[in-house]
Amino acid sequence: MNQLLARRKTCEGVTDYIAQAREGVLDAPMRQHYHFMPEVGWMNDPNGLIWFRGRYHLFFQYNPFDAFWGMMHWGHAVSDDLMHWEYLPPALIPDQPCDDHPKGGCFSGSAIEHDGKLYLVYTGTTNEGDGFKQTQCVAWSEDGVRFEKYAGNPVLTAPAGYDPANFRDPRVFAHDGVFYMVVGAKKSERAQALLYRSEDLLQWEFVNVLAESRGELGYMWECPDFFPLGDEGLYVLMFSPMGLGERKTVYLVGEMDFKTGRFSHHISGETDWGFDCYAPQSFLDGKGRRLLIGWANAWDWMPWWKDWGPTYKEGWCGAMTLPREVVMLPDHTLAFRPVQEVESLRDLPLVDGCDLLLKGGEARAVGCGAAAELDFTLDLAHTRASAVLLRLRVGNGRAVEVAFDLANAELRADRNNADGWSRGTCRAPLPMKGRETMEVRVFLDMDSIEIFADGGRVCQSLNVFAPAEQDGIEIEARGGEASVRDLRLWSLRRSIH
Ligand code: FRU
């Protein structure tokens, strides 16, 4: 191996490379203003989210050497407020026989604190010539910055009868003084989440199949997440299913029996209905909130996928969704709400609580914003319109059209005429029954739009690659009048480069 390649197998070598490469990238025009993204290169899933010694740690799937997916590292950043992030040296470098294949590496996983140290549990992916092999591995850190891999890795291999190429994304947690790990697995073309237990995070014993697909929930669950929520003793199992059409971030709510290691659910829902939210992971923060962050992009095996967008031309690709707070509602469905910290980015309001009564067919310009927040309430009791249309990133004869289709109880975001690049329409059922009002919050960043309707019960995230000056915002009533209340618009300040 030549010297340069050998250096790229060390944390110092990778950090030096990033320090040089980032100069040309940080001020590139398509960079997001307040969504986390890598300094350079490619990023996918959030990993190892944790509140550790008073700071937020975000790790992520990372290929610093190219703006496309490749051998996976774990990138690392820390924050005090979830909005401003400081990049740290990569936490995991693919440098072990079990995790250093060029089309493998250190795949997704999670973090936990134990004995004052920060432990990372991740999937090593390799191929020794007889197919990909995924195993679970451990690393730890005393200071939360420099990580050491366990010499006894891997700590877990796929059980007999399971596909060794689909055994990944360990989610560790503690319950009653015991550590547990949930791993995504595939058996006989069906997805399973396997449950293991351990006293020390190094020796693991199989407990049971926590939950499984009988065909109706896909053939593999990527990035399973499992956590208690609310005050009724219920648990949430969340995963990104493969082989389930347009459903790609599913949550199940139900009961956990730690004696048998089985989870049984009575609710199933969607974490995000948009094109661009995948592999979300949650964690509990110092304020007791259950927070969730997803990768704001998608994979080529998804039915509507086109590509990862044009930011590769600027030497980077990938961003995270806004951090969202997960809330259990009285009917045991979940709501996902942007964390309050995002309000600290608001500039003086451009529109400050305006009420609009729109006639059928009437469109109004509301203001401008490419990095902005727009909030309003649809007053359904005084609305006869069959649909309320919101046009975002308007300009150059283009726009993203978001339809609140009240007649058909559907939310649709259409990006076919958005930017000459993106395409597709994503849909979500809009709960209308018994609603007098519907709260809507929209977050625009340079390349992304996130819509939270009905208090976060319906979320849609999608990427859009329009130029910054294409920033108009319009609202229109169709098929009757619409009452829109308390409309507010802010520019959001830049918190990240
Ligand atoms: C999900 C995923 C994971 C895997 C990682 C590889 O997006 O496919 O299952 O660990 O990405 O980068």
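The present account deals with the structure reproduced in this document. (Residues numbered from 1 in each chain as written. Predicted model: local features only at pLDDT ≥ 70, side-chain atom pairs only at ≥ 80, totals over all residues. Heavy atoms only, no water.)

**A look at the sheet that holds strand β27 (residues 410–414)**
Part 1 of the argument: Strand order in this open sheet of six strands is β23-β32-β25-β26-β27-β28, and the pairing throughout is antiparallel. Strand pairing shows two members of the sheet lacking a second neighbour, β23 (363–368) and β28 (425–429), which therefore form its edges. For this sheet, the mean inter-axis angle between neighbouring strands, taken without regard to orientation, is 15 degrees.
Part 2 of the argument: By the bridge criterion, five bridges tie strand β26 (residues 398–405) to β27 in an arrangement that is antiparallel. Opposite Phe404, over in β27, you have Leu411 as the bridge partner. (Pairing = 2+ DSSP bridges. Helix = DSSP H or I, 4+ residues; strand = E, 2+ residues; numbered from the N terminus. Axes fitted to C-alpha atoms, helices over the stretch in contact; angles between N-to-C directions.)

**With respect to the side chain of Gln460**
Part 1 of the argument: Within the secondary structure layout, Gln460 lies in strand β31 (residues 458–463).
Part 2 of the argument: Side-chain polar atoms of Gln460 contact the backbone oxygen of Cys426, separated by 3.2 Å.
Part 3 of the argument: Residues contacting Gln460, with those up to four places away along its chain left out, are Asp272, Trp273, Gly274, Leu411, Arg412, Ala413, Cys426, Arg427, Ala428, Ile449, Glu450 and Ile451. (Polar contact = N/O pair within 3.5 Å; in protein donor to acceptor, adjacent residues only side chain to side chain. Contact = heavy atoms within 4.5 Å.)

**Comments concerning the side chain of His33**
Part 1 of the argument: Along the polypeptide, His33 turns up in the loop between α2 (11–21) and β1 (41–52).
Part 2 of the argument: A polar atom in the side chain of His33 sits 3.3 Å from the side chain of Arg494.
Part 3 of the argument: Residues within four places of His33 in sequence aside, it is in contact with Ala371, Asp445, Met446, Arg493, Arg494, Ser495 and Ile496.

**Focus: α2**
Part 1 of the argument: Burial in α2 covers these residues: Cys11, Gly13, Val14 and Ile18. All buried residues of α2 fall inside an arc of 165 degrees around its axis, so they share one side.
Part 2 of the argument: Looking at the buried residues of α2, the elements they touch are α1 (3–7), β2 (55–63), β3 (73–79) and β4 (86–92). (Buried < 20%, exposed > 50% of the residue type's maximum accessible area, 1.4 Å probe, protein only. Arc of directions from axis to C-beta.)

**Describing the site of the ligand**
Part 1 of the argument: Every residue close to the ligand is listed here: Asn44, Asp45, Gln61, Trp69, Met72, Phe107, Ser108, Arg168, Asp169, Glu222, Tyr278 and Trp299.
Part 2 of the argument: In this structure, an oxygen atom belonging to the ligand sits 3.0 Å away from a side-chain N or O atom of Trp69.
Part 3 of the argument: The fraction of the free accessible surface of the ligand (320 Å²) that becomes covered by protein chains is 95%.
Part 4 of the argument: Among the secondary structure elements, those contributing two or more residues to the shell around the ligand are β1, β5 (105–114) and β9 (167–175).
Part 5 of the argument: Its residues assigned to classes, the shell around the ligand shows five nonpolar, three polar and four charged. (Near = heavy atom within 4 Å. Areas by Shrake-Rupley, 256 points an atom, 1.4 Å probe, with all protein chains shown as cover. Nonpolar A, V, L, I, M, F, W, Y, C, P; charged D, E, K, R; others polar.)

**Remarks on the environment of Leu26**
Part 1 of the argument: Structurally, Leu26 is set in the loop between α2 and β1.
Part 2 of the argument: Residues Leu26 and Val78 lie 52 residues apart in sequence; the distance between their C-alpha atoms is 18 Å.
Part 3 of the argument: In contact with Leu26, not counting residues within four places along its chain, are Arg31, Glu39, Arg494 and His497.

**Some details on the pairing of strand β16 (residues 262–270)**
Part 1 of the argument: Pairing of strand β15 (residues 250–257) with β16, which is carried by eight bridges, proceeds in the antiparallel orientation. Opposite Glu255, over in β16, you have Ser264 as the bridge partner.
Part 2 of the argument: Hairpin connection between β15 and β16: a loop of four residues separates the two successive antiparallel strands, and Gly261 in this loop has a positive phi of roughly 80 degrees.

**Quick look at unusual backbone geometry**
Part 1 of the argument: Residue Asn153 is joined to Pro154 through a cis peptide bond whose omega torsion reads 0 degrees.
Part 2 of the argument: Backbone geometry at Asn396 places phi at a positive 55 degrees, although glycine is not the residue there.
Part 3 of the argument: Inspection of the secondary structure assignment puts Asn396 in the loop between β25 (387–395) and β26.
Part 4 of the argument: Classification of Asn396 by relative accessible area gives exposed; the value is 58%.
Part 5 of the argument: Within the chain, Asp454 stands out as a residue other than glycine whose phi angle is a positive 55 degrees.
Part 6 of the argument: With respect to the helices, strands and loops of the structure, Asp454 is situated in the loop between β30 (448–453) and β31.

**A word on the sheet that holds strand β7 (residues 132–141)**
Part 1 of the argument: If you walk across this open sheet you meet the four strands as β5-β6-β7-β8, and the pairing is antiparallel. Looking at which strands have only one partner, the edges of the open sheet turn out to be β5 and β8 (148–149).
Part 2 of the argument: Pairing of β7 with β8, which is carried by two bridges, proceeds in the antiparallel orientation. Bridge assignment links Trp140 to a residue of β8, and that residue is Glu148.

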